[in-house]
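Coordinate inspection notes
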There are 2 protein chains.
Amino acid sequence: MTNSQRKYFAYKKIIDNKITSVTKKLLPESLYLPIKYILSGGGKRIRPVLLMFACEAAGGDPKKAVDAAIAVEILHNFTLIHDDIMDNAVSRRGRETIHKKWDSNIAILAGDNMVGMAYQCLLKTKTSKLSEIIEEFTEGIIEVCEGQGYDKEFESRTDVTLSEYILMIDKKTSKLLETCSGIGALIGNADNKKFRALKNYAHNLGIAFQIQDDLLDISGDQKKFGKQIGGDLREGKKTFLLLKAIELVKKKQDREKILRIAEQKGLKSYSKVLINDIKRIYHDYGVVDSAQKEIKKFTDKAEKYIEVFEVRESRIMLKWFSRMLLGRSF
Amino acid sequence: MTNSQRKYFAYKKIIDNKITSVTKKLLPESLYLPIKYILSGGGKRIRPVLLMFACEAAGGDPKKAVDAAIAVEILHNFTLIHDDIMDNAVSRRGRETIHKKWDSNIAILAGDNMVGMAYQCLLKTKTSKLSEIIEEFTEGIIEVCEGQGYDKEFESRTDVTLSEYILMIDKKTSKLLETCSGIGALIGNADNKKFRALKNYAHNLGIAFQIQDDLLDISGDQKKFGKQIGGDLREGKKTFLLLKAIELVKKKQDREKILRIAEQKGLKSYSKVLINDIKRIYHDYGVVDSAQKEIKKFTDKAEKYIEVFEVRESRIMLKWFSRMLLGRSF
């Protein structure tokens, strides 16, 4: 095990322990039980660890960033709960989603409450830059919502372009990673150059990460992925793959299948045969290749920003993080 | 028109103007159109005006509290959108609710985004007490969610006590008014005595206000009230009136009707006959009288706290506000 990996597991443990203590003995149970359920659902804690890594790379003490780390993890989980309602998702991290296990009302309310809880954690951070941190955090929330707004809007549109797609995932996925990195940098008292580098690093990683997520929707192992395979297809999501396929697939029969998914707001029912068919099309026309190239492009772009850091240990840590993030099969 | 009334209208106008400018030209439209719709829906702006009044009573310049005032109004409207989904409400301020006019997904997302927008407004406040203000605000969100959690939990319970009811409305309604008053006091640099007085004033007003809201559900004028009359009965809400009726109504036939509402999680369909019947029961058994007495009790309690203020103008203003709030037929 490398040093970076050891660090990741150590920070993850700190986060896991602290996050359970946040929800202990809170009432009403009808509200906090689902919150405990999702927060203990075994996420990879990518965002809070990134926040702590960024703080450390900036030259700060990552332990001072734990409250903020918990805040971004709670915030991320809030977005999962509400997105799952909107996307009719039935499973998440291999378990039932909250609106399935309880109901939509509870899922809405649990999510709302978590936004408050997240700010409460963030406010515990001892720093002279609290208002900047809260600003970053708040901007993160708004951008995530705008991104989700575009995502839902795109579902019923058939003329979405790849650059619109990039705008959407920039807001929906990338922004929150950037927020994490930015907040970590602020807590670590980063100078402006490092602050910008850490934000740009996370931003590009986020784009790569989302395209990979799109890819895993058709090629992932459901157990490791935690979500139902083909969920994006079912919902008619305008993923990188679908948009690329619209661009590349010319043969009439195949093109019709692709357009049917794009136009029909997804599959009305879950069909393994059709999903396998789409998989084949994605492979045959180089759509999967294209996605992999795009992932590499943005990862390389992200890693360029690591060069700013003089301390070798920081560079190794950030590089390990990006490789871990994109090497995931989860 | 009294001075206080003039002031109310002047502050309301400032808020109305500013609030439209906040949502101008934002994208995606699918997200911001419903936000504009609810924010321009002609609310009474009770919460932001209270915030500005509290700031002024504390000795501060109410103009410095405008951003925070907008923040609490946006926050309040976020809770309305999400509560309306959960309560299946069809109308609000005489117009269709967002989840009816658009759909639940858009209503969820619009609400979420508004929490971010609210913090963004709050962060614009020029004050040395920003972190205390954000803390107050954040506590407000959490308590409102917990209150709504109890409210929904109580719908399916038949053994809710009046003291549980008070705990619920304390969180659900009262707390946000307290938050407004507290934030206004902080911006106005209130000393501790005035800060406490302003919070307690708003707290007790909030309880009175909610009991009155319960009363208006059966006795209000639908046009002025803006909401569907009998909505609480339909949803099986454990209102002050229903709980008091369970306590007071003894005659078998009448008691059965009351218990049916309490036990059946409300009326499955909207029946004007049954609502009129319940109205009669509430009148015959002194339930309405009881509610009115309770409203007066909490209003008196609230107004006791006004005495702390040396400046006569402040006392008059706060008294006018509480009378306006409880004298409403809306």
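The model shown is predicted, which means the values in this text are computed figures rather than measured ones.

1. Regarding the overall build of chain A
Across its full length, chain A carries 16 helices and two strands. With the C-alpha coordinates aligned to their principal axes, the bounding extent of chain A is approximately 60 × 50 × 35 Å. Here chain A, with 330 residues, has 53% of them falling under the buried criterion.

2. Some points on the packing of helix H15 (residues 287-304) of chain B against helix H16 (residues 312-327) of chain B
All names here are of chain B. With their axes 10 Å apart at the nearest point, H15 and H16 run at an angle of 165° to one another. It follows from the interaxial angle that H15 and H16 lie roughly antiparallel. Considering how the two elements wind past one another, H15 and H16 form a crossing that is right-handed. In this structure, H15 uses Ile 295, Thr 299, Ala 302 and Glu 303 to contact H16, whose residues at the interface are Lys 319, Ser 322 and Leu 326. Residue composition of the contact of H15 with H16, grouped by class: three nonpolar, two polar and two charged.

3. Points about the environment of Ile14(B)
Its location among the elements puts Ile14(B) in helix H1 (residues 3-22). Residue classification places Ile14(B) among the partly exposed residues on the basis of 19 C-beta atoms within 10 Å.

4. Regarding the nonpolar core
In this structure, Leu51(A), Ala118(A), Leu51(B) and Ala118(B) are the most contacted members of the largest nonpolar core, which totals 207 residues. The contact partners of Ala118(A), leaving out residues within four places of it in the chain, are Ala71(A), Ile74(A), Leu75(A) and Phe78(A).

5. Focus: the packing of helix H3 (residues 46-57) of chain A against helix H8 (residues 162-187) of chain A
Residues and elements named next belong to chain A. Between H3 and H8, whose axes approach to 7 Å, the crossing angle comes to 35°. Two packed elements cross with a definite hand, and for H3 against H8 that hand is right-handed. Contacts from Arg 47, Leu 50, Leu 51, Met 52, Phe 53, Ala 54 and Cys 55 of H3 reach H8 at Leu 176, Leu 177, Cys 180, Ser 181, Ile 183, Gly 184, Ala 185 and Ile 187. Across the contact of H3 with H8, the residue classes tally to 12 nonpolar, two polar and one charged.

6. Here we look at the relation of the copies chain B and chain A
The relation between the two copies of this chain is a rotation about an axis and a shift parallel to it. Mapping chain B onto chain A leaves a residual RMSD of 0.0 Å; the transformation is a rotation of 180° accompanied by 0.0 Å of translation along its axis. In the structure described here, the two chain copies are related by an operation that fits a two-fold rotation axis. Comparing interface residues between copies, 100% of those in chain B also sit at the interface in chain A, which points to an isologous, same-surface contact.

7. As for the interface of chain B and chain A
Interface extent is often summarised as the accessible area lost during association of the parts. Counting residues at the interface gives 31 residues for chain B and 31 residues for chain A. Examining the composition of the side of chain B that touches chain A, we find that 14 residues originate from one element, helix H7 (residues 130-155) of chain B, more than from any other. Of the residues in the side of chain B that touches chain A, the class split is 16 nonpolar, 10 polar and five charged.

8. Section: helix H9 (residues 192-219) of chain B
Under the 1.5 Å per step criterion, the end-to-end length of H9(B) is 40 Å for 28 residues, consistent within 8% with the ideal 40 Å. Burial analysis of H9(B) places 22 of its 28 residues in the buried class, which makes it a mostly covered element.

9. Some remarks on the confidence of the model for chain A
Mean pLDDT over chain A works out to 93, with 95% of the residues at or above the 70 mark. Scored as a complex, the prediction yields pTM 0.93 and ipTM 0.92.

10. A look at the environment of Leu248(A)
Residues and elements named next belong to chain A. Note that Leu 248 resides in helix H12 (residues 240-248). Residue classification places Leu 248 among the partly exposed residues on the basis of 17 C-beta atoms within 10 Å. Through-space distance from the C-alpha of Leu 248 to that of Ile 278 is 13 Å; in sequence the pair is 30 residues apart. Apart from residues no more than four positions distant in its own chain, Leu 248 is found in contact with Tyr 285, Gly 286 and Val 287.

11. Here we look at H16(B)
Residue and element names in this part refer to chain B. In this model H16 runs 22 Å from its N-terminal to its C-terminal C-alpha over 16 residues, within 8% of the 22 Å that 1.5 Å per residue would give. Of the positions making up H16, those classed as buried are Met 317, Leu 318, Phe 321, Ser 322 and Leu 325. The arc that holds the buried residues of H16, viewed along the axis, is 130°, so those residues lie on one side. When the buried face of H16 is taken as reference, the exposed residues oriented beyond 90 degrees from it are Arg 312 and Gly 327. Buried residues belonging to H16 abut H1, helix H3 (46-57), H9 and H15.

12. Brief notes about unusual backbone geometry
Both trends apply: most residues other than glycine have a negative phi, and most peptide bonds are in trans. That bond from Leu27(A) to Pro28(A) is cis: its omega, 0°, falls within 30 degrees of zero. Relative to the helices and strands, Pro28(A) resides in the loop between helix H1 (3-22) and helix H2 (29-39). Non-glycine residue Asn88(B) carries a positive phi angle of around 55°. Phi is positive for Asn189(B), which is not a glycine, with a value near 55°. Residue placement: Asn189(B) occurs in the loop between helix H8 (162-187) and H9.

13. Focus on the environment of Arg315(B)
Residues and elements named next belong to chain B. Position of Arg 315 among the secondary structure elements: in helix H16. Classification of Arg 315 as partly exposed rests on a count of 16 C-beta atoms within 10 Å. Each residue touching Arg 315, except ones within four places of it in the same chain, is listed here: Ile 306 and Phe 309.

Basis of the calculations
- Residues numbered from 1 in each chain as written.
- Chains lettered and ligands numbered in written order.
- Predicted model: local features only at pLDDT ≥ 70, side-chain atom pairs only at ≥ 80, totals over all residues.
- Helix = DSSP H or I, 4+ residues; strand = E, 2+ residues; numbered from the N terminus.
- Buried ≥ 20, exposed ≤ 12 C-beta atoms within 10 Å, placed from the backbone.
- Axes fitted to C-alpha atoms, helices over the stretch in contact; angles between N-to-C directions.
- Parallel < 35°, antiparallel > 145°, perpendicular 65-115°, else oblique.
- Left-handed = near helix turned anticlockwise from the far one by under 90°.
- Contact = placed C-beta atoms within 7 Å.
- Nonpolar A, V, L, I, M, F, W, Y, C, P; charged D, E, K, R; others polar.
- Core = buried A, V, L, I, M, F, W, Y, C linked by C-beta atoms within 7 Å.
- Least-squares fit on C-alpha atoms with pLDDT ≥ 70 in both.
- Expected span 1.5 Å × (residues − 1).
- pLDDT = per-residue confidence, 0-100.
- Arc of directions from axis to C-beta.

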